[in-house]
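# Fold and geometry: a report
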Amino acid sequence: MRDMREFIAKAEQEGQLKRIKAEVDWNLELSHIAKLNEEKSGPALLFENVKGYKTPVITSVCTTTERLALILGLPRNSSLVDLMRLWVEKNKTKIPPKWVDTGPCKENIVKGDEIDLFKFPVPKFYPKDGGRFFGTAHFVLTKDPETGWVNLGTYRLQLLDKKRLGTQFIKGKHADIMLKKYQAMGKKMPVAVVVGCDPLLFLMGAARVSAFECEYDLAGSIRGKPIEVVKAETNDLPVPATAEIVVEGEVDPNRTLPEGPFGEYTGYYSGVGTDERNYIEVACVTYRTNPIFWGTTVGRAVTDTHMTMALTYGATLWQQLVEMKIPGIKAVYCPPEGSGRFLAIISVKTMYPGHADQVLTASISTEMGAYGLKTVIVVDEDIDPWDLPRVLYALSFRFQPNRSQVIKRGRSTPLDPSLPIEAREITGRLLLDATIPYEWKHKPIPILLDPEIVKRVKARWSELGL
Ligand SMILES: Cc1cc2nc3c(=O)[nH]c(=O)nc-3n(C[C@H](O)[C@H](O)[C@H](O)COP(=O)(O)O)c2cc1C
Ligand SMILES: [Mn+2]
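Residues numbered from 1 in each chain as written. Chains lettered and ligands numbered in written order. Predicted model: local features only at pLDDT ≥ 70, side-chain atom pairs only at ≥ 80, totals over all residues. Heavy atoms only, no water.

Glancing now at the packing of aromatic side chains. Evaluation of the coordinates by the stated rule reveals 11 aromatic pairs. When the centroid spacing of 6.5 Å and the interplanar angle of 35 degrees are considered together, the rings of phenylalanine 125 and tyrosine 126 count as tilted. Given a relative accessible area of 1%, phenylalanine 125 falls into the buried group. Consider the rings of phenylalanine 125 and phenylalanine 262, whose centres lie 6.0 Å apart with planes at 85 degrees: the pair is edge-to-face. You can see phenylalanine 125 sitting in the loop between strand 5 (108-111) and strand 6 (133-135) and its partner phenylalanine 262 sitting in strand 15 (residues 262-263), a full 137 residues away along the chain. Overall, the relative accessible area of 1% leaves phenylalanine 262 in the buried class. (Phe/Tyr/Trp six-rings, centres within 6.5 Å; stacked < 30°, edge-to-face > 60°. Buried < 20%, exposed > 50% of the residue type's maximum accessible area, 1.4 Å probe, protein only. Helix = DSSP H or I, 4+ residues; strand = E, 2+ residues; numbered from the N terminus.)

Dropping the structure here:
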C-alpha cells in the first residue's frame, strides 16, 4: 500500500469505506459522527464536505480487525492475533527506508508568513477539549542528535495558532528522550509531522518499537520493500514521499505553553491541571495537491484508537518477549477494552519449573510492559488468550491467590485515571499465574471424553432427536 489514496480505493472496493457528502462541522460534529459510527464497528468515513473547507477528512481507518488486516495485507477474516503474529514474524528482518529525490508530498510548499495551519480542516473532538487537535492519526519524526537514530512517534498535537502546535511528549517516550539530549546541547529539536500516509506508518508511530530502532525499518519489512522517503525542506528528516501533509519545524526544549485538555483513550480527559508543554514552531508545510486530512477519535473504548493500540502495543509486547528468547510463548493478547496496554494475557507452553513466573516478570521488563501495563495473566497453552471465557475459566480453576499472585511497582502512564492526577508516576502491577504448576507431580486430571463413544454418539445424533 503506497499511500492513503490506495487505502481509500481498496477500502471502498471492499465496502469498508463510506463517503459523507453532506456538510459536516469540524467543530464536534465530525468527531461525534465518527465516534458513534465506530461504536458500531462501522466503515471508514471520508468526510468530503467539511464546513468552510475544501480538504476532506478521513476517520475510522483502523476501527475493525478487517481494516487492520487490509492495511497489513492479510486476508479479511484474519484475527487480531493473526495480525500480531505477522508483525512478530516480520520484525525478525528489517528493511531500511530508501531515499528518493522527490515525491508528491512536495507538490505544494509553503514557508514563512504564508503558513496558516487553520487552512486545514482540523477537528475539535470533545466538548471539554482545550482546542482543535491537528495531530491524532499522524506521526512525528525526530532524530537522535548523538546516534542519528530516526524515530516515528504518534504524540497528539494541539493547534495553538497559525504556526504553533502544542505537543504531549510523555516522559521517557522516544521524542522526549531525544528532546532532553537537544536541551543538554543547547539546541532546538528539528521535527517533521506527517498527516495522511500509508496507514501502516501511523501504526508504526503508535507502536512501542524498542529504543534505538527506526519504525520505518519494520514497516519496510512488513511491506516487503523499503518505504520511500524524501528529505524535508528545512531539515534532514526523512518524510514519506507520498505523505498528504508534512509540517516541519522545531521544538525549543526550554519553551512551553498550555496544552490540552483532550478526551483520551482512557475515556477521561487528560491535561487537566497539568504543567505546560513544549510546542512546535512551524517553519514549512508541504502537501499534495488536494490533500486528505486524517484524524482518529481517541476518547472512550472501544473504537479506532483502541483497536490501533491493541494491535500495535500487543504485537510489540509479543515481539519483545520473543526477542528475550523465552521459549514456549504461544500467543499474546492485549484486549482493546484495555487499549492494548493495561491488561495483557499470555499463553505459554510451560516446559520447566518457574517458567510461568519467568514470563510474568519478563513481560513487565520489556519496553512495552515496563510502562503502564498493570495486569498480566499467564495461561497454559490449551487456552487462547483472546478467548476470554476460557481465560476466566483458568482464573477460576487454575489460579490460586496464595501461590500465584505478585504485586510489583513500576512506571505508570500519566493518563491512568485509576491514580490521582497528582500521583501518576508510579503504578502497581499485578502478575497472575493461571497455569497448573509445571513441577506438580500430581496434576489435576482433565476430563477428556472417550473418542470412540463420541463417534458413536455423533452417528446417532439425529436418531436422538438432537
Ligand atoms: C491516537 C494516539 C494518540 C497518542 N497520543 C500520545 C501523546 O499525546 N503522547 C504520548 O506520549 N503518546 C501518545 N500515544 C502513544 C504513542 O504513540 C506510543 O507510546 C508510541 O510508542 C510512541 O512512540 P515511541 O515509542 O517512538 O516514543 C498516542 C497513541 C495513539 C494511537
Ligand atoms: Mn520509537
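Core analysis: the biggest nonpolar cluster contains 131 residues, and Phe7, Ile58, Phe134, Leu141 and Trp294 have the highest contact counts within it. Counting residues domain by domain, this core receives three or more from each of domain 1 (4-294) and domain 2 (324-434). Beyond its immediate stretch of four places on either side in the chain, phenylalanine 7 contacts Met1, Ala44, Ile58, Val61, Arg67, Leu70, Ile71 and Pro199. The next biggest cluster of nonpolar side chains, apart from the first, holds nine residues, and it includes Val379, Ile383, Val391 and Phe399. (Core = buried A, V, L, I, M, F, W, Y, C linked by side-chain atoms within 4.5 Å. Domains from an automatic or database assignment. Contact = heavy atoms within 4.5 Å.)

Attention now moves to the domain arrangement of the chain. Assigned domains within the chain: domain 1 (4-294) and domain 2 (324-434). For domain 1 and domain 2, the distance between their C-alpha centroids amounts to 29 Å. Contact residues are listed per partner, giving 20 residues for domain 1 and 19 residues for domain 2. In this assembly, domain 1 packs against domain 2 so that about 1,600 Å² is buried in total across both faces, 61% of it on carbon and sulfur atoms. Considering only the side of domain 1, the residues that lose the most area to domain 2 are Val81, Arg208 and Tyr265, jointly responsible for 39% of the buried surface there. For the pair domain 1 and domain 2, the interface holds one salt bridge. In this structure, the connection of domain 1 to domain 2 is made through six residue pairs in polar contact (both at pLDDT 80 or more). Broken down by element, the residue count for the side of domain 1 that touches domain 2 peaks at four residues, all from helix 4 (residues 80-90). Its residues placed into classes, the side of domain 1 that touches domain 2 shows nine nonpolar, six polar and five charged. (Buried area = accessible area lost by both parts, 1.4 Å probe. Salt bridge = Lys/Arg side-chain N within 4 Å of Asp/Glu carboxyl O. Polar contact = N/O pair within 3.5 Å; in protein donor to acceptor, adjacent residues only side chain to side chain. Nonpolar A, V, L, I, M, F, W, Y, C, P; charged D, E, K, R; others polar.)

Let's shift gears to the site of ligand 1. Close to ligand 1 lie 21 residues; Asn151, Thr154, Tyr155, Gln168 and His174 are nearest. Tyrosine 155 has a polar side-chain atom sitting 2.8 Å from an oxygen atom of ligand 1. Between ligand 1 and glutamine 168, the relevant distance is 2.5 Å, taken from an oxygen atom to a side-chain nitrogen or oxygen of the residue. Taking 630 Å² as the accessible area of ligand 1 by itself, protein coverage stands at 97%. Breaking the shell around ligand 1 down by element, the ones donating at least two residues are strand 8 (150-153), helix 6 (199-206) and helix 8 (304-323). (Near = heavy atom within 4 Å. Areas by Shrake-Rupley, 256 points an atom, 1.4 Å probe, with all protein chains shown as cover.)

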